[in-house]
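Each chain is listed here by its residues.
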Amino acid sequence: MAKTREEKGRSLWWRIHSWAGLKLAIFMTFALATGTLSVFAHEIDWLVTPAMRVSPQDGPRASWGTLAAAAAQAVPQGRLQTLYAPIDPWFAAEAWIDTGRDAPLRVYVDPWTGAVTGTHGWANVHRFLRQVHRHLMLPTTIGIPLVSSLALLLLASLVTGIVTYKKWWRGFFRLPRRGDVRRLSGDLHRLGGLWSLWFVALIGLTGVWYLVETLGGKAAVPKLTEVETVVPAPTGAALDRLIVKAQRMRPGLDIREIRFTPDNGVVLLGQDRAWLVRDRANGLAIDPSDGHVLTVLDGMDLDVHQRISEMADPLHFGTLGGLSTKMVWFLFGMVLTGMSVTGVIIHAKRLEKADQDQRSAGRLAWAGMGAWAYICTGLVILALALTPGAIGGAS
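Our subject in this report is the structure included herewith. In this text, all values refer to a predicted model and were calculated from it rather than measured experimentally.

Moving on, we get to the overall build of the protein. Within the protein one finds 14 helices and 8 strands. Along the first, second and third principal axes, the C-alpha atoms of the protein reach 85 × 40 × 40 Å. Relative to its full complement of 395 residues, the protein shows a buried share of 47%. In the structure as shown, the protein presents an accessible area of about 20,500 Å², 62% of it carried by carbon and sulfur atoms. Both charge centroids of the protein, one from 41 positive and one from 31 negative side chains, sit 14 Å from each other.

Written as structure tokens, this is what we have:
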């Protein structure tokens with residue numbers, strides 16, 4: 001019986017969906033897995049780095065000046081670059097100290113006692129996952145477009161998946177059937193895809209935005225006023241006085257980061273009235289020599305282009321709501337990674353019965369990927385090979 005035009009169209013969309021999910025499956029799975037782990041990269045570092053772990057207390061926290069002084073005294077030969085507030089109550093505050101080498105030294109300080117809990121080099125789990133997911137340890141001009149282009153493939157898979165799944169809206173509560181690997185994989189793939197529609201669209205769109213930025217579509221970054229006199233980074237009471245002045249001027253500013261710059265003074269960054277923006281969108285730059293405000297940053301003043309740019313990271317990594325949203329992003333990231341794997345299994349099992357050479361599902365899947373299997377595997381191996389040198393630098 002001849003196929004109807006609708007069936008032919010659906011068959012074409014299915015072939016596109018299968019190609020998109022199969023040919024680059026190794027690369028896609030690697031990018032999705034590292035991105036999923038990146039959601040909890042800081043927490044993984046917390047688990048493997050004792051100096052990052054502190055016990056929450058009921059009393060008041062140490063002042064920013066106390067934290068800065070402790071970090072600076074821990075490495076007296078270095079220059080204090082940046083000071084970060086704890087991510088959660090059980091995290092230590094983190095300072096970056098410039099020691100004259102390629103990358104800064106990390107110093108951890110208990111946010112309640114103000115005591116240094118330890119130091120750590122630049123390379124850590126967060127640095128590895130960030131760089132391998134973002135640009136495969138390659139130069140950013142090459143690696144970022146390469147990884148971000150997968151977002152186009154992700155969106156193509158989203159559209160073709162919906163088109164080829166008849167009456168897809170009925171499948172949200174359809175339980176997977178057991179007893180057959182192909183059937184089970186297919187049911188899990190469709191179920192995961194339905195519940196992840198919003199997440200696939202979100203990750204795909206933010207990934208496309210990163211691609212646009214890399215290709216020249218970056219939003220303008222506010223220019224900070226330069227100081228007339230360069231002075232050492234203030235710590236202790238001197239820094240606390242600057243903080244008090246900043247809080248009087250911007251009482252709603254929740255300071256999350258302090259940058260001690262030689263050219264732009266002390267830059268206080270954090271969250272304020274604007275929702276869903278990075279910390280760098282809100283803040284004050286203060287001249288430490290006389291305490292006057294050099295620059296005011298307010299996320300409410302961003303234009304549409306800048307606002308999209310500042311929204312991308314919180315949406316892509318799920319940091320917009322703290323630990324609770326990160327858990328949701330991690331869960332759906334696992335589902336998306338699993339869908340990449342089950343898609344390959346579906347293809348292999350479909351061919352397994354008809355294969356005259358009686359090859360295994362794994363060999364059939366590899367054969368179906370063709371030359372792309374070698375290219376994608378090579379990219380993953382290259383990224384891992386470049387890791388030791390790449391994560392040690394300050395890139």
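Structure's up, so let's keep going.
Membership of the largest hydrophobic core comes to 36 residues, with the highest contact counts inside it found for Phe27, Leu136, Leu150 and Leu336. Those elements giving two or more residues to this core turn out to be α2 (25-39), α7 (150-164), α9 (197-217), α12 (323-352) and α14 (371-390). Among the elements that take part in this core, α2 stands out by supplying 6 residues, more than any other. Once residues within four sequence positions are removed from consideration, Leu150 is found in contact with Leu24, Phe27, Met28 and Ala31.

Here the focus is the sheet that holds strand β4 (residues 116-120). Across the sheet, which stays open at both edges, the 8 strands sit in the order β4-β3-β2-β1-β5-β6-β7-β8 with antiparallel pairing between neighbours. The outermost strands of the open sheet, each flanked by one partner alone, are β4 and β8 (293-297). Across the sheet, the mean angle separating the axes of adjacent strands is 20° when strand polarity is ignored. Sheet topology note: the strand β1 (residues 79-84)/strand β2 (residues 93-98) ladder contains 5 bridges and is antiparallel. By the bridge assignment for β2, Thr82 is matched with Trp96. Helix α4 (residues 64-74) contacts β1, β2, β3 (105-109), β4 and β5 (254-261) of the sheet and is inclined by roughly 135° relative to β1.

Next up on the list: the packing of helix α6 (residues 140-148) against α7. Where α6 meets α7, the closest approach of the two axes is 4 Å, and the angle between their N-to-C directions is 5°. Compared by their axis directions, α6 and α7 come out roughly parallel. Every residue of α7 that contacts α6 at Leu146, Val147 and Ser148 is listed here: Leu150, Ala151 and Leu152. Across the contact of α6 with α7, the residue classes break down as 5 nonpolar, 1 polar and no charged.

Rules and cut-offs
- Here the residue numbering is sequential within each chain, running from 1 through the sequence in written order.
- A pLDDT threshold of at least 70 governs which residues receive local features in this predicted model, and a stricter bar of 80 or more applies before side-chain atom pairs are shown or counted, although totals over entire chains, interfaces and linings include all residues.
- Side-chain measures were taken over the full set of non-hydrogen atoms in the model, leaving aside hydrogen atoms and water.
- Numbering of helices and strands starts at the N terminus; helices are DSSP runs of H or I of at least 4 residues and strands are runs of E of at least 2.
- Burial classes follow relative accessibility: with a 1.4 Å probe on protein chains only, a residue under 20% of its type's maximum area counts as buried, one over 50% as exposed, and anything between as partly exposed.
- Methods summary: accessible areas were calculated by the Shrake-Rupley approach with a probe of 1.4 Å, and residue burial reflects only the protein chains presented.
- Positive charges come from Lys and Arg alone, negative charges from Asp and Glu alone, with His and the N- and C-terminal ends not counted.
- In this description, the location of a charge corresponds to atom NZ of lysine, CZ of arginine, CG of aspartate or CD of glutamate.
- The definition of a nonpolar core used throughout is a set of buried Ala, Val, Leu, Ile, Met, Phe, Trp, Tyr and Cys residues joined through side-chain atoms within 4.5 Å.
- Whether two residues touch is decided by their heavy atoms; if any such pair falls within 4.5 Å, the residues are in contact.
- By definition, two strands form a pair when at least two bridges between them are found by DSSP.
- Lines fitted to C-alpha atoms define the axes here, with helix axes fitted over just the stretch in contact, and angles between the N-to-C directions of these axes take values from 0 to 180 degrees.
- We call two directions roughly parallel when the angle between them is under 35 degrees, roughly antiparallel when it is over 145, roughly perpendicular when it lies between 65 and 115, and oblique otherwise.
- Note on residue classes: Ala, Val, Leu, Ile, Met, Phe, Trp, Tyr, Cys and Pro are nonpolar, Asp, Glu, Lys and Arg are charged, and everything else, Gly too, is polar.

From the geometry alone we can't say anything about function, so treat these as descriptive.
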